[in-house]
Amino acid sequence: MEFRDLKKQYAVLKDDIDKSIAEICTSAHFISGGQVKELERQLAEYVGVKHCITCANGTDALTLALKAWGTGRGNAVFVPDFTFFSTGECPAAEGAVPVFVDVDEHTFNIDPDKLEQAIIRVKSEGKYIPRVVAAVDLFGLPADYRRIKAICEKYGLLLLEDGAQGFGGSLNGKMACSFGDISTTSFFPAKPLGCYGDGGAVFTDNDELAAVVRSLAVHGKNAENKYDNIRIGMNSRLDTIQAAVLQVKLKAFREYELDSVNKAAAMYNEALENTGLVLPAVGEGFVSSWAQYTVQLPENTDRNALQTRLKEQGIPTMIYYMRPMHTQGAFAGTDSENADCPVTEKLCGRVLSLPIHPYLTREDIDFITGALKSAL
Ligand SMILES: *Cc1c(COP(=O)(O)O)cnc(C)c1O
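Cut-offs and rules
Residues numbered from 1 in each chain as written. Predicted model: local features only at pLDDT ≥ 70, side-chain atom pairs only at ≥ 80, totals over all residues. Heavy atoms only, no water. Buried < 20%, exposed > 50% of the residue type's maximum accessible area, 1.4 Å probe, protein only. Helix = DSSP H or I, 4+ residues; strand = E, 2+ residues; numbered from the N terminus. Arc of directions from axis to C-beta. Contact = heavy atoms within 4.5 Å. Polar contact = N/O pair within 3.5 Å; in protein donor to acceptor, adjacent residues only side chain to side chain. Pairing = 2+ DSSP bridges. Core = buried A, V, L, I, M, F, W, Y, C linked by side-chain atoms within 4.5 Å.

(A) Looking closely at helix 9 (residues 303-312). Of the residues making up helix 9, those classed as buried are Arg303, Leu306, Gln307 and Leu310. Along the axis of helix 9, the buried positions cluster into a sector of 100 degrees, meaning they face one direction only. Of the exposed residues in helix 9, the ones pointing more than 90 degrees away from its buried face are Asn304 and Glu312. Looking at the buried positions of helix 9, the neighbouring elements they touch are helix 10 (342-350), strand 12 (351-354) and helix 11 (362-375). Of the residues that open helix 9, the one with a side-chain oxygen 3.3 Å from the backbone nitrogen of Asn304 is Asp302. Of the residues flanking the end of helix 9, it is Gly314, one or two places downstream, whose phi is positive at about 85 degrees.

(B) The sheet that holds strand 10 (residues 286-287), seen in detail. With antiparallel pairing, the 3 strands of this open sheet are ordered in space as 7-6-10. Across the chains shown, the open sheet's two edge strands, defined by having one partner strand only, are strand 7 (174-175) and strand 10. Relative to strand 7, strand 6 (residues 170-171) runs antiparallel, the two sharing 2 bridges. Paired with Leu171 across the bridge in strand 7 is Lys174.

(C) Focus on the pairing of strand 9 (residues 200-204). Of all 5 residues making up strand 9, 5 are buried, and the element is well covered by its neighbours. Along strand 9, one buried face is formed by Gly200, Val202 and Thr204 and the opposite face, lined by Ala201 and Phe203, is buried too. The pairing of strand 1 (residues 51-55) with strand 9 spans 5 bridges and is antiparallel. Note on strand 9: the bridge partner recorded for Thr54 is Ala201. Alignment of strand 8 (residues 182-186) against strand 9, held across 4 bridges, turns out to be antiparallel. Counted as the bridge partner of Thr185 is Ala201 from strand 9.

(D) Spatial organisation of the nonpolar core. In terms of nonpolar packing, the biggest core is built from 57 residues, with Leu43, Phe82, Phe167, Phe203, Tyr268, Tyr293 and Leu352 touching the most fellow members. For this core, the elements supplying multiple residues, two or more each, are helix 2 (34-47), strand 9, helix 8 (240-271), strand 11 (293-296), helix 9, helix 10, strand 12 and helix 11. Here this core takes 10 residues from helix 8, the largest share from any one element. If we skip the residues at most four places from it in the chain, Leu352 touches Tyr293, Thr294, Val295, Leu297, Leu306, Gln307, Leu310, Thr317, Met318, Ile319 and Leu372. One finds Trp69, Phe100, Ala210 and Leu216 within the second-largest nonpolar core, a separate group that totals 31 residues.

Next comes the structure, spelled out in structure tokens:
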């Protein structure tokens, strides 16, 4: 059994994917071109924003957003303590300081009350200027943007939605990757919408920012002339082959994969009720795209032993995430020493992610949940 079954997905989509890849090879047009333009149009339409700019990966997408705003030295960027490293790494790489904020123990997403407290603390200390809130749609669930947006407005902060895991989720009918002043996603193979290598995208409704991001992604070029460089940028493009693969996958994602993965999550919820596990919460009005299905084990469970038992039966599990961001060595000596994140610390000790993907069958879920219950 696979943790995320990309082989099964390929078997289903093989004819279309093979044909698309072969067309790119025949045309020998490997960078940019019509497929990338068309994919950007489709992604922007699906998400419901004016501009989509594809790029090389989800980390670059975050960097492009931060660079477009000129985020850097002296700025504070508020980041959830429970996330993948990139969310904190990218602001730090720009010279800004990531300020780690604790998360809600039921949704795993940044806690709006703790966010406001952190903003007030940083303002009163006067060492850094609060600039950006980088909210993450962890495990496929949009963060609580109703409250986060209000906080950003109150304190005059920019909102960056890190939707690397969130593509396809929604809140009151509004799609993930449309909540930020700039939003980003990743097409890493194991994300909700993945390509066959690295890929990413930036989304915004703002014409000026879109133009700056487009320029930054190609060496800071002038919009009309590629060899007229007007700012220091990056080389961050989505390969044409990846765009072709993503067009096929986006169609499947819209037509049935997002529904199927939600059905798989519902089957897990039903089978794991009243087992002593804390199940992932999806609040009223929220839809998750289930990048992960993550449970919290009862206190004092031997998680290693449990994973070994499941592995012996061919069931792969993962720990997302082992360590709070503020304890990562790379952030030592920064504001991370002021972080107060007891919920994240607790979660890191108790979470377990189970196999989840659109091609998981009722039999798979019965087998996984049966093994998990008996191991508990
Ligand atoms: C995967 C991920 C990223 C980075 O995406 P890459 O495409 O791997 O660079 C950023 N943020 C979060 C929350 C992620 O899960």
